[in-house]
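Residue-level structure breakdown
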Amino acid sequence: MVSSFCWSCLTRLRQTPRAILPSPTTVPRGPAFHTSAVYYANPLKKKAGDQSGPKYREGRSAKIKKKKPVEKTRPPAVGERKAARKRIVLSNPNALEVEGMQELSGETMVDSRLRGTVLALPVPMIDQLRAVQAFKPTQGWSIFRRPGTVLRRETLEMGRAFDNISGEGEGKGAVVKKIITGPKKTGKSVHLLQAMAMGFTKNWVVITVPDARDLVVGITGYAPLSEDNPDLYVQNQATSSLLSRTVAANEKVLSKLSVSQQHPTLPTVKPGMTLADLAKVGVQDQANAWPVFQALWKELTATSATSGLEKNFSPRPPMLVTVDGLGHWMQNSAYRSAKFELIHSHDLVFVRHFLDLLKPGKGTSTLPNGGAVLYSTSTSNNPSIHGFDVALKQVAARHAGVDPSAPEFPLPRAYSYPDPRILEAFNLPKPTVAKEGMLDVQELGGLTRDEARGFLEYFARSGLLRETVSDEWASEKWTLAGGGVIGELEKLGRRVRVAS
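All figures in this text were calculated on a predicted structure; none of them were measured in a lab. (Residues numbered from 1 in each chain as written. Predicted model: local features only at pLDDT ≥ 70, side-chain atom pairs only at ≥ 80, totals over all residues. Heavy atoms only, no water.)

A count of helices and strands for the chain gives 14 helices and eleven strands. Within the span of the chain, comprising 500 residues, buried residues form 44% of the whole. When the accessible surface of the chain is split by element, carbon and sulfur atoms take 52% of a total near 29500 Å². (Helix = DSSP H or I, 4+ residues; strand = E, 2+ residues; numbered from the N terminus. Buried < 20%, exposed > 50% of the residue type's maximum accessible area, 1.4 Å probe, protein only. Areas by Shrake-Rupley, 256 points an atom, 1.4 Å probe, with all protein chains shown as cover.)

Once that is clear, we can look at empty space enclosed by the protein. Over the atoms, a rolled probe matching the size of one water molecule traces out where space is still vacant. Across all of its chains, the model carries two cavities of 30 Å³ or more by this definition. Taken together, the residues that form the lining of the largest cavity break down as nine nonpolar, one polar and three charged. Of the volumes computed, that of the second largest cavity is approximately 80 Å³. What lines the second largest cavity is a set of 13 residues, and nearest its centre among them are Lys 136, Leu 192, Met 196, Pro 210 and Asp 324. Going through the elements one at a time, helix H5 (188-201), strand E4 (205-209) and strand E7 (319-324) are the ones with two or more residues in the lining of the second largest cavity. Taken together, the residues that form the lining of the second largest cavity break down as seven nonpolar, four polar and two charged. (1 Å grid on protein atoms, 1.4 Å probe; cavity = no way out; pocket = protein on both sides within 12 Å on 5 of 7 lines; lining within 4 Å. Points joined across faces, edges and corners; volume = space filled by probe spheres on them. Nonpolar A, V, L, I, M, F, W, Y, C, P; charged D, E, K, R; others polar.)

To continue, consider the sheet that holds strand E3 (residues 175-181). Pairing is parallel across the open sheet formed by five strands, whose spatial order is E4-E7-E10-E3-E11. The open sheet has two edge strands, E4 and strand E11 (440-443), and neither has a second partner. Averaged over all pairs of adjacent strands, the angle between their axes in this sheet comes to 20 degrees, without regard to strand direction. Alignment of E3 against E11, held across four bridges, turns out to be parallel. Across the sheet, residue Thr 181 finds its bridge partner in E11, namely Glu 443. Along the sheet face, helix H10 (residues 386-399) touches E3 and E11 and points at about 110 degrees away from the line of E11. (Pairing = 2+ DSSP bridges. Axes fitted to C-alpha atoms, helices over the stretch in contact; angles between N-to-C directions. Contact = heavy atoms within 4.5 Å.)

Across all of its chains, the model carries 13 aromatic pairs by this definition. Over the face of the ring belonging to Phe 340 we find Arg 336, whose NZ or CZ atom lies 4.2 Å from the ring centre. Directly above the ring of Trp 478 sits Arg 449, whose terminal nitrogen or CZ lies 4.0 Å from the centroid. (Phe/Tyr/Trp six-rings, centres within 6.5 Å; stacked < 30°, edge-to-face > 60°. Lys NZ or Arg CZ within 6 Å of the ring centre and 35° of its normal.)

Tallied over the full model, the rule gives 20 salt bridges. Notably, a salt bridge pairs Arg 153 with Glu 154, separated by 3.0 Å at the nearest N-O pair. In this structure Arg 153 comes out as partly exposed when scored by relative accessible area, which is 39%. By relative accessible area, Glu 154 is classed as buried at 6%. Shared partners join several salt bridges into a network, and the residues in it are Arg 152, Arg 153, Glu 154 and Glu 157. (Salt bridge = Lys/Arg side-chain N within 4 Å of Asp/Glu carboxyl O.)

Core analysis: the largest hydrophobic core is formed by 66 residues, its most contacted members being Trp 329, Phe 354 and Phe 426. Top element by residues in this core is helix H8 (residues 289-300). It accounts for seven residues. Leaving out residues up to four positions away in the same chain, Trp 329 has contacts with Val 209, Ala 212, Leu 215, Val 216, Val 323, Ser 345, His 346, Val 351, Phe 354 and Leu 355. Counting 34 residues, the second-largest nonpolar core is a separate cluster that includes Leu 156, Phe 162, Ala 197 and Val 206. (Core = buried A, V, L, I, M, F, W, Y, C linked by side-chain atoms within 4.5 Å.)

Our focus in this paragraph is the environment of Ser 255. Considering the arrangement of structural elements, one finds Ser 255 in the loop between helix H6 (236-254) and helix H7 (275-284). Of the residues examined, Ser 255 reaches a relative accessible area of 38% and is grouped as partly exposed. Separated by 19 residues in the primary sequence, Ser 255 and Thr 274 place their C-alpha atoms 5.5 Å from one another. Within the local environment of Ser 255, its side chain forms a polar contact with the backbone oxygen of Lys 252, the two atoms lying 3.2 Å apart. (Polar contact = N/O pair within 3.5 Å; in protein donor to acceptor, adjacent residues only side chain to side chain.)

Attention now goes to the side chain of Thr 149. Looking at the element boundaries, Thr 149 is found in strand E2 (residues 148-150). Side-chain polar atoms of Thr 149 contact the side chain of Gln 194, separated by 2.4 Å. Non-local contacts of Thr 149, meaning those with residues more than four positions away in its chain, are made with Thr 117, Val 118, Leu 119, Leu 121, Val 190 and Gln 194.

Turning next to the packing of H6 against H7. At a closest axis distance of 9 Å, the pairing of H6 and H7 adopts a crossing angle of 165 degrees. Relative to H7, the element H6 lies roughly antiparallel. By crossing handedness, the relation of H6 to H7 is classed as left-handed. Each of Ser 240, Leu 243, Ser 244, Val 247, Glu 251 and Leu 254 in H6 lies in contact with H7, whose residues at this interface are Leu 275, Ala 276, Ala 279, Lys 280, Gly 282 and Val 283. (Parallel < 35°, antiparallel > 145°, perpendicular 65-115°, else oblique. Left-handed = near helix turned anticlockwise from the far one by under 90°.)

On to the environment of Arg 130. The residue Arg 130 is located in helix H3 (residues 123-131) in this model. In this structure, the C-alpha to C-alpha distance between Arg 130 and Ile 88, residues 42 residues apart in sequence, is 8.9 Å. Once you skip the residues sitting within four places of it in the chain, Arg 130 turns out to touch Ile 88, Leu 90 and Phe 135.

Looking now at unusual backbone geometry. Phi angles above zero are rare outside glycine, and Phe 340 is one such case at about 60 degrees. Among the secondary structure elements, Phe 340 is positioned in the loop between strand E8 (332-336) and strand E9 (342-344). The phi dihedral of Tyr 417 is positive, around 50 degrees, even though this residue is not glycine. Its location among the elements puts Tyr 417 in the loop between H10 and helix H11 (420-425).

Any link to function would need more than the numbers given here.
In structure tokens, the structure reads:
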């Protein structure tokens, strides 16, 4: 239907003047349903304090409150942080005194009835162990009244070996060579400490390298050995530190021994001088530290005196040589040659000397007066070297009697390209001397259940563990500790539990 309001009627309507209608740009837009008269509203007036710009010499920047001056603390002295990090605390006065605690001695270290018990370290020996840096900051010595160590199966075996070497039987003057390996926190460093304690008990000469890493990370001075051997490098500072540790720990033994060999390269060394005074020459003069160490080693391994010096000779005691962290010596060091090429660790005469002790002697024993060579690996900061792992497996296979041509003999992985110098260093023939033992690899594991119970009972007697140590409870903690890992057992035992 068509509307009656036609188009012509729309055109006749009167139009509104354009001045009355607001401009489309000034009309405020609002919602379509709004009914107020927004089109005809008056404009808003400016406030009294509202100005477009700043006043004369008035800033509009943000005002920031000044902070109070902070007093700067004094920076720590040189070496203070390192001393605090390596500080060793061996006594806790808050711990209970364990009554009836036996000490480590020549009799107790071979007594199988004491297996699983904790033996205290003799007080006079603690200074000797401190001198050779046998204690580590992470071993938990500070939670007990006095330092002690648990007597485990491997400790008894080592004690019997030391007793045979010092005795008068067939094993007198024998040489034991072992590399201690094992998982983390199984007590490898403490096993070396037990060996040092036994060596001091037997009045042996103990020579130690507490951390093999310090010799290859570039923190000590080095220089070519001589013009004839420019490819070998000597570390006089590290050698002087070794002599200082040796004198401090073995002064009682070295002061009773006199120089009985000729040393033409050291004019200051005279016949009749004690070996303690000989070692102090290298401590006071670092430039001659390496020749002094060679002279001291020559004296300690002598079996007879040079012609004309027989009155100054006395039998030399057995020796114990320990190195902790052997894996750091199986790679390039941080030192560089004159051509700015990395120096291999085996080219350092300090490192080479101790690695040569693993090889069998030519005609005579490596330690003619007997002793032990105990090196250990470290799993805390040990580098991952495939060639070294293969070399250890090959050493264990040779000791077990496996022929190198047999198919079960361990070999490197294909395309792994191991360092041939590492494999050559451990490719050792059988010793030709009867009393010199073959290099062996000993892997430390966890404690047995009985040893773990005796270890946890020591925590309870010290007041750290408020639990009734029974077979079931000790077996549970043995399982939680990964099969008796002594480091994990220590964590479980040092938690003080109070019954509610």
